[in-house]
Amino acid sequence: MSAIVLLSGGQDSATCLAIAKQAHNQIHCICFDYGQRHRVEIECSQKLAKHAGAFQLVDLSFVAQISNSAMIHNDQAIQIGPNELPNTFVPGRNALFLTIAASVAYEKGWDIIFTGVCQTDYSGYPDCREVFIQAQERTLRLAMQSQVRIITPLMHLTKADTVTLMHQLGHLDWYKDTHTCYEGKQPPCANCPSCKLRQNGFESAGIPDPLFN
């Protein structure tokens, strides 16, 4: 069996890669360059892909022209916006990512796409919710007349659950090659929402973060 894995280079996508590797013998990893301020994650995704499959980097640099997100423009401080969404939200990002992944899958004759979105421990992004994924899957099936399936194994897991799962899969060491910090700093800033979420997950799981060992 074959599968596409959306591989950002972060903790969740690395876990998805480990899950996909367990179930599929052929994996194609896709990473997107959309001008993100934490560009080091692209290097991390390349390293992670070596554990399981082929790697493809898709240039979406044009997103910087249509989005004012702090995720892209590093002259902005990361904060909660007036609509209670973090200003790191990139409108339409996951819809775009999944559309491209489905196009790649269609050309390959594959049906499975893994993505690490989660609505349990998340940053408030509406395109990480299960209702969006279900709607996007229906849309892509209609748009491409295919049976594409979007697999979200982390949707209802906390960050602690994800850490524990990766430990059970025997690939906790892969987290050494992940990047979570929105500021793109190495070592991580430990202050941005993403860093805090990661730290809390490892502490709750009672497992040391390999990134610091």
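A. Broad picture of the pattern of salt bridges. Under the defined criterion, the tally for this structure stands at four salt bridges. In this structure, the salt-bridge partner of E183 is R37, at a minimum N-O distance of 3.0 Å. In this pair, E183 is assigned in the loop between α6 (159-169) and α7 (193-205) and R37 in the loop between β2 (26-33) and α2 (40-49), connecting sequence segments 146 residues apart. In this structure E183 comes out as partly exposed when scored by relative accessible area, which is 29%. Taking the relative accessible area as the measure of exposure, R37 reaches 13% and is therefore buried. Between D209 and R198 there is a salt bridge, and its shortest N-O distance comes to 2.8 Å. In this pair, D209 sits in the segment after α7 while R198 sits in helix α7, placing the two residues 11 residues apart along the sequence. Comparing D209 with R198 shows no difference in burial state: the two are buried.

Criteria and thresholds
- Residues numbered from 1 in each chain as written.
- Predicted model: local features only at pLDDT ≥ 70, side-chain atom pairs only at ≥ 80, totals over all residues.
- Heavy atoms only, no water.
- Salt bridge = Lys/Arg side-chain N within 4 Å of Asp/Glu carboxyl O.
- Helix = DSSP H or I, 4+ residues; strand = E, 2+ residues; numbered from the N terminus.
- Buried < 20%, exposed > 50% of the residue type's maximum accessible area, 1.4 Å probe, protein only.

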